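# Working through the structure, step by step
Listed here are the chains, written in short residue letters.
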Amino acid sequence: MGGGRSVAEVYRGFGEGEAAKGSPLYGRIAVAVSESEVALRAIEKVPVRKRRPGVVFAALYYLALAGRAPELAAAYAAGDGDAAVGAAIEALVGMTDAVAEVAVRRPLRGNEVGHGAVLYPAVAEVAWRAGAGAVGLIDVGCSAGLNLCVDRVGVAYGNGQSLGDPLSPVQVVASVVGDRAIPTRAMPEVVVRVGIDRGPVDVTDSDEVRWLRACVPPDRVEQAARLDAELALAAADPPVLLQGDAVEVLPEALARVPSDVLPVVTTTWALSAYSLEDRLRFLQRLDEAATDRAVAWVSVEGVGVAPAVPTFGDRRASGHSIIGTAVFDHSTLRVEGVGRSWSQGRMLSWLADSTVRSC
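Procedures and definitions
Residues numbered from 1 in each chain as written. Predicted model: local features only at pLDDT ≥ 70, side-chain atom pairs only at ≥ 80, totals over all residues. Heavy atoms only, no water. Helix = DSSP H or I, 4+ residues; strand = E, 2+ residues; numbered from the N terminus. Buried < 20%, exposed > 50% of the residue type's maximum accessible area, 1.4 Å probe, protein only. Pairing = 2+ DSSP bridges. Axes fitted to C-alpha atoms, helices over the stretch in contact; angles between N-to-C directions. Contact = heavy atoms within 4.5 Å. Salt bridge = Lys/Arg side-chain N within 4 Å of Asp/Glu carboxyl O. Arc of directions from axis to C-beta.

This brings us to the environment of Arg285. Inspection of the secondary structure assignment puts Arg285 in helix 13 (residues 276-289). Relative accessible area serves as the criterion here: at 22%, Arg285 is assigned to the partly exposed category. Taking C-alpha positions, Arg285 is 19 Å from Gly304, a pair spaced 19 residues apart along the chain.

As structure tokens, this is what we get:
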């Protein structure tokens, strides 16, 4: 595992490094696993590609949430670190086959919690620039489609600005870098919500939702609560989910948006999973769809990942992302970098002039 490192070394490194910052509870468990011969032997029965701590711990948590590891579930619920360490190792050793089956069957999921702080102003801005009174949202790499609820969340920025619904059960907070204000245009009416993913998650399926919850460590209480709220919001009006490669499925998704409504395609940290050739084909699909009407695209991707989106001269792998907007209209493409984003949307800097309708 991990460049020739042993399983013990990988788990200790995870526990003392990544997990120690993001999930101290998982950090403790990982270090304990690295010192337990029986736990290490159990992990070695899991296929190599699925032995990573994050995947194994999510599988254990999934089994706990499903009622199959009650002692572990009780320890997590009580926030009892000592009990959780013992119960996790006991469950891992006692249910090795079940852990392996879950790990192999399910991909580890990130989630879209918090992306609204970046997406809301960008979608509203590109709709205004295109002169649209209504939009159809199409989210690429949608997972459970939580980004498709962007018009139904509330957003509070560190500079005192706010957007969206202050009474929404989903409230997102983000810091603002720099002196330029976030544009405060209201989101136009959203008439269609379509998600595209190779393995979309049905928010009305309790087992699928259980796995999403299991991908959030139990000691990240606020993140889990916000995920629960976003899942409930999505389940109240489930989006259309299309399974497949975005480049191939995009035309079908665009066809679901009425001809008098502006399709707004969103990609948030999704295009890096595609080759440069496929990213260029994705751009071509958008251009082809704009033969008879305008099509918009909002991208929040690493520097240089989104084709044609300006990067302000920033270097690749710089640690932040570029917020871009584009409008394809017949043979015309108007694309702009409108800001930078850090920490998966929890911090942003707006850079565009929002007083000029450029499209």
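Taken together, 11 strands build an open sheet; the order of strands is 3-2-4-11-10-9-8-7-1-5-6 and the sheet is mixed. Both outer strands of the open sheet, strand 3 (162-164) and strand 6 (240-243), are each paired with one neighbouring strand and no more. Strand after strand, the sheet turns through a mean of 25 degrees between neighbouring axes, direction not considered. Pairing analysis gives 9 bridges linking strand 9 (residues 321-329) to strand 10 (residues 332-342), with the strands arranged antiparallel. Paired with Val327 across the bridge in strand 10 is Arg334. Sheet strands touched by helix 9 (residues 116-129): strand 1 (134-140), strand 2 (154-157), strand 3, strand 4 (171-176), strand 7 (262-268), strand 8 (295-302), strand 9, strand 10 and strand 11 (347-350). Its angle to strand 7, the strand with the most contacts, is close to 150 degrees. Seen against the sheet, helix 12 (residues 246-255) touches strand 1, strand 5 (189-197), strand 6, strand 7 and strand 8 and runs at an angle of roughly 155 degrees to strand 5.

On to the side chain of Thr96. Mapped onto the fold, Thr96 is located in helix 8 (residues 96-105). Once residues within four sequence positions are removed from consideration, Thr96 is found in contact with Ala42, Lys45 and Ala91.

It is worth spelling out the pattern of salt bridges at this point. Summed over the entire model, instances satisfying the criterion amount to 22 salt bridges. The residue Glu125 makes a salt bridge to Arg129 at a minimum N-O spacing of 2.9 Å. Placement of both Glu125 and Arg129 in helix 9 is noted, with a separation of 4 residues, approximately one turn of the helix. According to the relative accessible area criterion, Glu125 is buried, its value standing at 1%. Using a relative accessible area of 2% as the deciding quantity, one classes Arg129 as buried.

Glancing now at the environment of Val10. Inspection of the secondary structure puts Val10 in helix 1 (residues 7-16). Expressed as a C-alpha distance, the spacing of Val10 and Pro53, which sit 43 residues apart in the sequence, is 8.0 Å.

What follows is about helix 1. Taken as a whole, helix 1 has its buried residues at Val7, Val10, Tyr11, Phe14 and Gly15. Down the axis of helix 1, the sector holding all buried residues measures 125 degrees, keeping them to one side. Here the buried face of helix 1 lies against helix 2 (18-22), helix 3 (24-34), helix 4 (37-43) and helix 5 (53-65).

Moving on to the pairing of strand 10. For a regular strand, side chains alternate in direction, first toward one face of the sheet and then toward the other. Between strand 9 and strand 10, which pair antiparallel in sequence order, lie 2 residues; one of them, His330, sits at a positive phi of approximately 60 degrees. The pairing of strand 10 with strand 11 spans 4 bridges and is antiparallel. When the bridges of strand 11 are listed, Arg340 appears paired with Ser349. The loop that links strand 10 with its antiparallel partner strand 11 comprises 4 residues; one of these, Ser343, has a positive phi angle of about 55 degrees.

Attention shifts here to unusual backbone geometry. In this model, Ala308 sits at a positive phi of 75 degrees, which is unusual for a non-glycine residue. Turning to its location among the elements, Ala308 is positioned in the loop between strand 8 and strand 9. You can call Ala308 partly exposed: its relative accessible area is 47%. The residue Ala317 is not glycine, and still its phi comes out positive at about 55 degrees. Looking at the element boundaries, Ala317 is found in the loop between strand 8 and strand 9. Looking at Ala317, the relative accessible area reads 86%, which means it is exposed.

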